[in-house]
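# Understanding the architecture of this molecule
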Amino acid sequence: MNISVYKPSLNGNEKKYVNDCLDTTWISSKGKYNDMFAERFSEYIGTQYGTTVTNGTLALHLALLALGVGEGDEVIVPSFTYIASANAVKYTGADVVFVDSLEDSWQMAPDDVERKITKNTKAIMPVHLYGHPCDMDAIMAIARRHDVFVIEDCAEAIGSEYNGKKVGSFGDIAAFSFFGNKTITCGEGGMVLTNNKTLFERVVHIKGQGLATHREYWHDIVGYNYRMTNIAAAIGLAQLEQIDKFIDRKMQIAALYTDKLYGLPVTVHKSVGNVKHTYWMVSISCQNIEDRDSLRNYLKENGIETRPTFYPIHTMPMYSHKYQSHPVAEKLGWSGINLPSYPDLKDSEIDYVCECIKKYFS
Ligand SMILES: *Cc1c(COP(=O)(O)O)cnc(C)c1O
């Protein structure tokens with residue numbers, strides 16, 4: 001057995017669309033696939049505007065820049081997330097303020113967000129981690145009460161829903177990632193979505209070197225080159241055509257793991273509230289933290305690749321100068337395992353993974 005934790009499924013029109021880019025020589029960032037991918041993706045999520053970018057980290061950076069986040073500002077970010085959520089804030093010169101997570105859903109804790117608001121808070125960044133939506137009613141209410149922006153980090157939650165609405169359509173602006181292991185992929189890629197025309201225009205302006213609208217080669221701000229290639233967008237479009245199938249299978253995989261791991265001293269990440277949890281990565285938390293690394297080793301010896309859940313960022317060297325305890329983030333970061341979760345995973349492989357976990361505990 002040799003089961004990897006993730007691999008993309010590329011069985012649709014990926015080859016056809018990429019070959020079209022090559023045949024027509026539209027291989028750089030101009031070309032129809034960029035526009036088509038942005039348009040269809042924003043339509044899928046349910047926002048008015050969308051634009052493709054180089055990757056998810058830079059999608060977050062652009063979203064923050066478009067909101068005017070910079071030095072002297074604070075942005076509230078969960079500690080239990082991927083490093084890019086915090087780093088994107090750091091790039092702007094703003095300070096990252098960490099909050100703890102909820103024990104049941106593993107998402108940003110709204111009461112901690114409320115506690116961490118100061119006069120310098122400019123934005124809140126809910127991260128819909130591992131495919132589970134954050135408590136958006138609570139977070140949007142806090143944002144409105146304190147008049148701060150909301151940037152959704154949807155990198156791990158493409159197609160996830162909260163109260164019947166897709167994540168990425170709640171806040172002021174949202175960022176998505178299409179890295180090779182995300183629910184749909186471009187290889188490397190990202191997207192910024194918003195319902196606000198001004199924010200959208202600012203994102204396009206900044207990502208295209210700050211090019212002025214009415215004069216060629218005239219730049220009126222210091223911008224960046226954060227553009228996606230037409231080739232990457234071609235892959236993204238082909239992936240988007242298959243998204244319902246991917247998400248259905250991921251939810252099925254989660255249900256199989258949940259069923260087969262019942263009764264063992266691990267907790268499978270569950271869905272809490274009126275949400276559609278798309279299970280980017282099916283994750284378990286070991287009831288005894290000491291089991292985490294030895295269980296991972298045991299699975300590795302049996303040909304099964306896993307990943308540890310994210311280490312809480314507030315404990316990493318560049319973010320720990322003002323250490324404050326975040327007990328739930330710390331527990332989840334040190335007890336969690338991401339199990340093989342890619343859409344082409346077979347039922348028999350899930351059986352095998354669960355049998356191995358059972359054997360470890362017996
Ligand atoms: C993957 C990911 C990102 C960054 O996306 P890249 O495309 O890898 O730059 C940001 N936030 C979260 C939560 C992610 O999982």
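Predicted model, so just to flag it, every value in this text is computed and none were measured.

## Here's the deal with the site of the ligand
Around the ligand, a shell composed of 15 residues is seen, among which Gly56, Thr57, Glu156, Ser177 and Lys182 lie nearest. At 2.8 Å from an oxygen atom of the ligand is found a main-chain nitrogen or oxygen belonging to Gly56. In isolation the ligand offers 380 Å² of accessible surface; the protein chains occlude 93% of this area. At the level of secondary structure, the elements contributing two or more residues to the shell around the ligand comprise helix H3 (56-66) and helix H4 (83-91).

## Things to note about the UniProt feature "active site" (unreviewed entry) in the protein
Sequence positions flagged by UniProt for "active site" (unreviewed entry) are, in local numbering, Lys182. Within the secondary structure layout, Lys182 lies in the loop between strand S8 (173-177) and strand S9 (190-194). Ignoring any residue separated from it by four or fewer positions in sequence, one finds Lys182 in contact with Tyr6, Ala155, Glu156, Ser177 and Trp280. A polar contact of 3.5 Å, which involves the side chain of Lys182, links it to the side chain of Ser177.

## Section: helix H12 (residues 347-361)
Along its 15 residues, H12 runs 22 Å from first to last C-alpha, staying within 8% of the 21 Å computed at 1.5 Å per residue. Of the residues making up H12, those classed as buried are Glu349, Ile350, Val353, Cys354, Cys356, Ile357 and Tyr360. End-on, the buried residues of H12 take up no more than an arc of 155°, which puts them together on one face. Structurally, H12 contributes buried residues whose contacts are with helix H9 (243-260) and helix H10 (291-301).

## Details of the sheet that holds strand S6 (residues 161-162)
Spatially, the three strands line up as an open sheet ordered S7-S6-S11, and their pairing is antiparallel. Looking along the sheet, the strands with just one partner apiece sit at the ends: strand S7 (165-166) and strand S11 (275-276). Sheet analysis places S6 next to S11, joined by two bridges and oriented antiparallel. Each residue of the ladder has a partner; that of Glu161, found in S11, is Lys276.

## Remarks on the pattern of salt bridges
Evaluation of the coordinates by the stated rule reveals 11 salt bridges. For the salt bridge of Glu114 with Arg145, the shortest nitrogen-to-oxygen distance reads 2.5 Å. Of this pair, Glu114 sits in helix H5 (residues 110-116) while Arg145 sits in helix H6 (residues 136-146), and the two are 31 residues apart along the sequence. Given the relative accessible area of 54%, Arg145 is considered exposed. Here Asp347 ties to Arg249 by a salt bridge, and the two come within 2.8 Å at their closest N and O atoms. Of the two residues, Asp347 sits in helix H12 while Arg249 sits in helix H9, which places them 98 residues apart along the sequence. Asp347 gets classed as partly exposed once you look at its relative accessible area, which sits at 41%. For Arg249, a relative accessible area of 15% corresponds to the buried category. One network of salt bridges, with partners in common, ties together Asp112, Arg115 and Lys116.

So, how was this worked out
Residues numbered from 1 in each chain as written. Predicted model: local features only at pLDDT ≥ 70, side-chain atom pairs only at ≥ 80, totals over all residues. Heavy atoms only, no water. Near = heavy atom within 4 Å. Polar contact = N/O pair within 3.5 Å; in protein donor to acceptor, adjacent residues only side chain to side chain. Areas by Shrake-Rupley, 256 points an atom, 1.4 Å probe, with all protein chains shown as cover. Helix = DSSP H or I, 4+ residues; strand = E, 2+ residues; numbered from the N terminus. UniProt positions renumbered as here; feature names shortened; annotations may be inferred. Contact = heavy atoms within 4.5 Å. Expected span 1.5 Å × (residues − 1). Buried < 20%, exposed > 50% of the residue type's maximum accessible area, 1.4 Å probe, protein only. Arc of directions from axis to C-beta. Pairing = 2+ DSSP bridges. Salt bridge = Lys/Arg side-chain N within 4 Å of Asp/Glu carboxyl O.

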